[in-house]
Amino acid sequence: MGRVVSVAACALNQWALDFEGNAERILRSISIAKSKGARYRLGPELEIWPLMHRNVRYNCRVIFLNKKILLIRPKLSLANTGNYRELRWFTPWNKARHVEEYLLPRIIQEVTGQDTVPFGDAVLATKDTCLGTEICEELWAPNSPHIEMGLDGVEIFTNSSGSHHVLRKAHTRVDLVNSATAKNGGIYILSNQKGCDGDRLYYDGCAMISMNGEIVAQGSQFSLDDVEVLVATLDLEDVRSYRAEISSRNLAASKVNPFPRIKVNFALSYSDDLAVPICVPIQWKHHSPEEEICLGPACWLWDYLRRSKQAGFLLPLSGGIDSSATACIVYSMCHQVCLAVKNGNAEVLADARKIVHDETYIPEDPREFCKLVFTTCYMASENSSQDTRNRAKLLAEQIGSYHINLNIDAAVKAIVGIFSMVTGRTPCFSVYGGSSRENLALQNVQARVRMVLAYLFAQLTLWTRGMPGGLLVLGSANVDESLRGYFTKYDCSSADINPIGGISKTDLKNFIQYCIENFHLTALRSIMAAPPTAELEPLVDGQVSQTDEADMGMTYAELSIYGKLRKIAKAGPYSMFYKLINLWKEICTPREVASKVKHFFRMYSVNRHKMTTLTPSYHAENYSPDDNRFDLRPFLYNTTWSWQFRCIDNQVNILSFSDVLI
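None of the values given here were measured: they were computed from a predicted structure.

Asks: I'd like to hear about the overall build of the protein, residue by residue, with values.
Replies: What the protein contains, in helices and strands, is 23 helices and 21 strands. Structurally, the protein occupies a C-alpha span of about 90 × 80 × 50 Å along its principal axes. Across the 662 residues of the protein, 55% fall into the buried class. Here the analysis covers contacts within the protein between residues at least 6 apart in sequence; of these, 74% occur between residues at least 24 apart. As displayed, the protein has an accessible area near 29100 Å², and 55% of this comes from carbon and sulfur atoms. Seen as two clouds, the 70 positive and the 70 negative side-chain charges of the protein have centres 4 Å apart.

Asks: Residue-level account of the domain arrangement of the protein, with values.
Replies: Taken domain by domain, the protein holds domain 1 (4–263), domain 2 (289–409 + 450–551) and domain 3 (553–661). For domain 1 versus domain 2, the distance between C-alpha centres works out to 39 Å. Each side of the interface is counted separately: domain 1 has 20 residues, and domain 2 has 20 residues. Here domain 1 packs against domain 2, burying approximately 1700 Å² in sum over the two surfaces, 56% of which is carbon and sulfur. Considering only the side of domain 1, the residues that lose the most area to domain 2 are Leu167, Phe222 and Leu224, jointly responsible for 39% of the buried surface there. Taken together, domain 1 and domain 2 are joined by three salt bridges. For the interface between domain 1 and domain 2, the tally reads eleven residue pairs in polar contact (both at pLDDT 80 or more).

Asks: Before we move on, can you summarise the pairing of strand β11 (residues 156–161) with the specific residues and values?
Replies: The buried fraction of β11 amounts to six of the six residues, a majority that puts the element mostly inside the structure. In β11, alternate side chains face the same way, and those of Ile156, Thr158 and Ser160 on one face and Phe157, Asn159 and Ser161 on the other are all buried. Note: strand β10 (residues 130–135) against β11, five bridges, orientation parallel. In the strand pairing of β11, Leu131 is matched with Ile156. As defined by bridge partners, β11 adjoins strand β12 (residues 187–196) across six bridges and the pair is classed as parallel.

Asks: Tell me about the packing of aromatic side chains, residues and numbers included.
Replies: If you walk through the whole model with that rule in mind, you get 21 aromatic pairs. Ring pairs connect the aromatic residues Tyr562, Trp584, Phe600, Phe601, Tyr604, Tyr637 and Trp641, which therefore count as one cluster. Lying across the ring of Tyr402, Arg465 places its NZ or CZ 3.8 Å from the centre. The side chain of Lys610 reaches across the aromatic face of Phe487, ending 5.3 Å from its centre.

Asks: With reference to specific residues and values, describe the layout of surface pockets.
Replies: Estimated volume of the second largest pocket: approximately 880 Å³. Around the second largest pocket, the lining is made up of 29 residues, and of these Leu46, Trp89, Asp197, Tyr203 and Arg629 lie nearest the centre. When residues of the lining of the second largest pocket are assigned to their parent elements, the largest contribution, three residues, is made by helix α2 (residues 86–89). The residue inventory of the lining of the second largest pocket, partitioned by class, reads 13 nonpolar, six polar and ten charged. Shared between two domains, the lining of the second largest pocket holds at least three residues of each, these being domain 1 (4–263) and domain 3 (553–661).

Asks: Tell me about the pattern of salt bridges, residues and numbers included.
Replies: Side chains bearing opposite charge may pair, as long as their charged atoms lie close to each other. All told, the structure shown has 32 salt bridges when counted by the stated rule. Asp626 is the partner of Arg200 in a salt bridge, and the nearest nitrogen-oxygen pair spans 3.7 Å. In this pair, Arg200 sits in the loop between β12 and β13 (202–204) while Asp626 sits in the loop between α22 (590–606) and α23 (642–661), placing the two residues 426 residues apart along the sequence. Here the two residues Arg200 and Asp626 agree in accessibility, since each one is buried. Salt bridges linked by common partners bring Arg566, Lys567, Arg608, Asp627, Asp631 and Arg633 together as one network.

Asks: Quick one: what's the story with the pairing of strand β1 (residues 4–12), residue by residue and with numbers?
Replies: Within β1, nine of the nine residues are buried, leaving the element largely enclosed by the surrounding structure. By the alternation rule, side chains of β1 split into Val4, Ser6, Ala8, Cys10 and Leu12 and Val5, Val7, Ala9 and Ala11, which are all buried. Relative to strand β16 (residues 227–235), β1 runs antiparallel, the two being bridged by nine bridges. If you follow Leu12 over to β16, its bridge partner there is Val227. Inspection of the sheet shows β1 paired to strand β2 (residues 40–42) by three bridges, in the parallel sense. Paired with Val7 across the bridge in β2 is Tyr40. As a crossover connection, the stretch from β1 through helix α1 (residues 19–35) into β2 is right-handed. Two strands pair when backbone bridges link them, and β1 and β12 are joined in this way by two bridges, in the parallel orientation.

Asks: So, the side chain of Glu558: which residues are in play, and what are the values?
Replies: Examined against the element boundaries, Glu558 turns out to sit in helix α20 (residues 556–567). Given the relative accessible area of 14%, Glu558 is considered buried. Setting aside residues no more than four positions away along its own chain, Glu558 makes contact with Trp584 and Lys596.

Asks: Account for empty space enclosed by the protein, with residues named and values stated.
Replies: Inspection of every chain in the model, using the stated rule, returns seven cavities of 30 Å³ or more. Space inside the largest cavity adds up to approximately 90 Å³. As for the largest cavity, its lining consists of Asn83, Arg200, Gly501, Gly502, Leu614, Thr615, Pro616, Ser617, Tyr618, His619, Ser624 and Asp626. For the lining of the largest cavity, the residue count by class is three nonpolar, seven polar and two charged. Here the second largest cavity is characterised by a volume of approximately 70 Å³.

Asks: Which residues make up the UniProt feature "domain: CN hydrolase" (unreviewed entry) in the protein, and what values go with them?
Replies: Those residues carrying the UniProt feature "domain: CN hydrolase" (unreviewed entry) are residues 5–236 in this numbering. As annotated, residues 5–236 has a helix share of 23% and a strand share of 37%, and its two end C-alpha atoms lie 7 Å apart.

Asks: Outline unusual backbone geometry, listing residues and values.
Replies: For Lys67, which is not a glycine, the phi torsion comes out positive at approximately 65°. Despite not being glycine, Arg97 shows a phi value in the positive range, around 55°. With respect to the helices and strands, Arg97 occurs in the loop between α2 and β7 (99–103).

Asks: Would you mind going over the sheet that holds strand β20 (residues 402–407) in detail, with residue names and values included?
Replies: The sheet built from four strands is open, its strands ordered β20-β19-β18-β21 with parallel pairing. At either margin of the open sheet sits one strand with a lone partner, and together these are β20 and β21 (472–473). The pairing of strand β18 (residues 313–316) with strand β19 (residues 374–380) spans four bridges and is classified as parallel. Looking at β19, one finds that Leu314 is bridged to Thr375. On top of the sheet, helix α12 (residues 366–373) reaches β18, β19 and β20; it is set at about 65° to β19, its chief contact. Contacts from helix α13 (residues 386–399) reach β19 and β20 within the one sheet, and its direction differs from that of β19 by about 170°.

Asks: Could you give me a rundown of the packing of α20 against helix α21 (residues 573–583), with the residues and numbers involved?
Replies: Where α20 contacts α21, the two axes come as close as 11 Å, and the packing angle between them is 135°. As judged from the angle between their axes, α20 and α21 are oblique. Relative to α21, the crossing made by α20 is right-handed. Between α20 and α21, the residues in contact are Ile561, Tyr562, Leu565 and Arg566 and Met576, Lys579, Leu580 and Leu583, respectively. Residues of the contact of α20 with α21, tallied by class, amount to six nonpolar, no polar and two charged.

What counts as what
- Residues numbered from 1 in each chain as written.
- Predicted model: local features only at pLDDT ≥ 70, side-chain atom pairs only at ≥ 80, totals over all residues.
- Heavy atoms only, no water.
- Helix = DSSP H or I, 4+ residues; strand = E, 2+ residues; numbered from the N terminus.
- Buried < 20%, exposed > 50% of the residue type's maximum accessible area, 1.4 Å probe, protein only.
- Contact = heavy atoms within 4.5 Å.
- Areas by Shrake-Rupley, 256 points an atom, 1.4 Å probe, with all protein chains shown as cover.
- Lys, Arg positive; Asp, Glu negative; His and termini not counted.
- Charge placed at Lys NZ, Arg CZ, Asp CG, Glu CD.
- Domains from an automatic or database assignment.
- Buried area = accessible area lost by both parts, 1.4 Å probe.
- Salt bridge = Lys/Arg side-chain N within 4 Å of Asp/Glu carboxyl O.
- Polar contact = N/O pair within 3.5 Å; in protein donor to acceptor, adjacent residues only side chain to side chain.
- Pairing = 2+ DSSP bridges.
- Phe/Tyr/Trp six-rings, centres within 6.5 Å; stacked < 30°, edge-to-face > 60°.
- Lys NZ or Arg CZ within 6 Å of the ring centre and 35° of its normal.
- 1 Å grid on protein atoms, 1.4 Å probe; cavity = no way out; pocket = protein on both sides within 12 Å on 5 of 7 lines; lining within 4 Å.
- Points joined across faces, edges and corners; volume = space filled by probe spheres on them.
- Nonpolar A, V, L, I, M, F, W, Y, C, P; charged D, E, K, R; others polar.
- Right-handed = clockwise from strand over helix to strand, strands pointing away.
- UniProt positions renumbered as here; feature names shortened; annotations may be inferred.
- Axes fitted to C-alpha atoms, helices over the stretch in contact; angles between N-to-C directions.
- Parallel < 35°, antiparallel > 145°, perpendicular 65-115°, else oblique.
- Left-handed = near helix turned anticlockwise from the far one by under 90°.

So this is what it looks like as structure tokens:
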């Protein structure tokens, strides 16, 4: 009958400049798609690299059939916010519904037998249907091409994406795909990049196929498989009957400006398809935020580890929530590796053997694998409590890491001794009569000594165990502390990579609870119950006297709110005050809100310089203060905020006077 089509969406773990590996993954996905009966295969954005047309570089889709290029379709809308700087590399194609001739390079001419091919904004007309193209950002744009393409009779929309993971973002992506065909009818195929492409982002797959506003096929969001192919078989008549009932759509279609059509002597459907089973709508299965934290950073760490060709990780494990959450993510990575090997993933097995330098090794037990690739280190000082030491030790035992206990007091005293010998002055903690400057300097010495020791042990620990290779140092500062600047510049937050640097303290606490319930790590219960502390000031009667929230002058919950208002809502001091006097009207007076907002902006601006040396972190939140590419701002501020704070004070006085009159 010629109405049933089988289409494939692929999620590929491509790596910039890995030409041979990228080609192999593309060819493998084509082979899998064909073996599953697909007549159309779609890959992620930039799986084939950019093209120069008339000396201008474009981000393009190349659509081909049987060694013949049918169309080169350049990207129309470029992503140029947040993590993306596409306009730095590419130019958008601004000639709507316009096609030009593209002169193929000689090396391609020899393969295809073509001199020129169509280049521009066109659609493909096969014998049985019409296909249109979108590229990533175009789905998110307010004037997405699929709107007018659908009105012009395009029945199958294809989108090659390079969309990165952010906590709770998958809902938005699924909604966009479904809404693309809910009003207009049609089949929407989305392919996406997956894995760590050598930077702070993790691309989370989520290949999907939707028809008439409903998902019919869902790919995995987090997986160690380098190639994933999702196939759906659908009836084109379902699209046509759906559209026929939408009167407003048909009226708009009668007036649409048509797209250039590239005629293709090929049918996506088979002539005899009566017995072919058709896919039916399914309910999308979303991960909880805790599951996303468990899986996304774990996959990112695995890609970074195997591609950096290091032998594992070293983590300064303090016994607090942040470093414990980092340890749990590494443990989750070990779980994912063992599960992938169990499921027959030969690539993961080969990578694991290279990492542990054992060609016969089979990772079956996550704790055993963790012992080989993960070293944890508790760096005690005279200010450390026995409680945190015990918590770190017990967690290390339960996840199976190779654990080291050491004391940094000798190094700290040596450094302070040098200062005293040169200056003739010996700084003291404030509890012993020292000034705030002395108190902070002595805390910083401890923190920075830990960074030096972390790198020393990362380089030589495996040497002492008779094992080859070195270790990557993991950081564990969360996104809220980075925003506030609540860490020492060049302390053990300075590391090679940080899997939790884009995650809030609130989400990390929920993740710890998830690990207690799903990994049965009972050591985490006492870690959850303890107040967060840096343990850099002297103990009082053997107990911790310093807590993070007291030091910061704000709670972690407040920090998350400040962060979202600052970055996402683009709020400065006055705008933040304006929003918070309404948000917090039941718990704070306007004067108290003013005090909180001023304190945040003072601390944020004083410490902004620390963002320039922030450890590369997994991007998971849209209020990340990462200065490298996401949150590009000055790192030298006028920290008095005189005009803004004066405006806040004036408004507080007005509100206070109004209260008196009432």
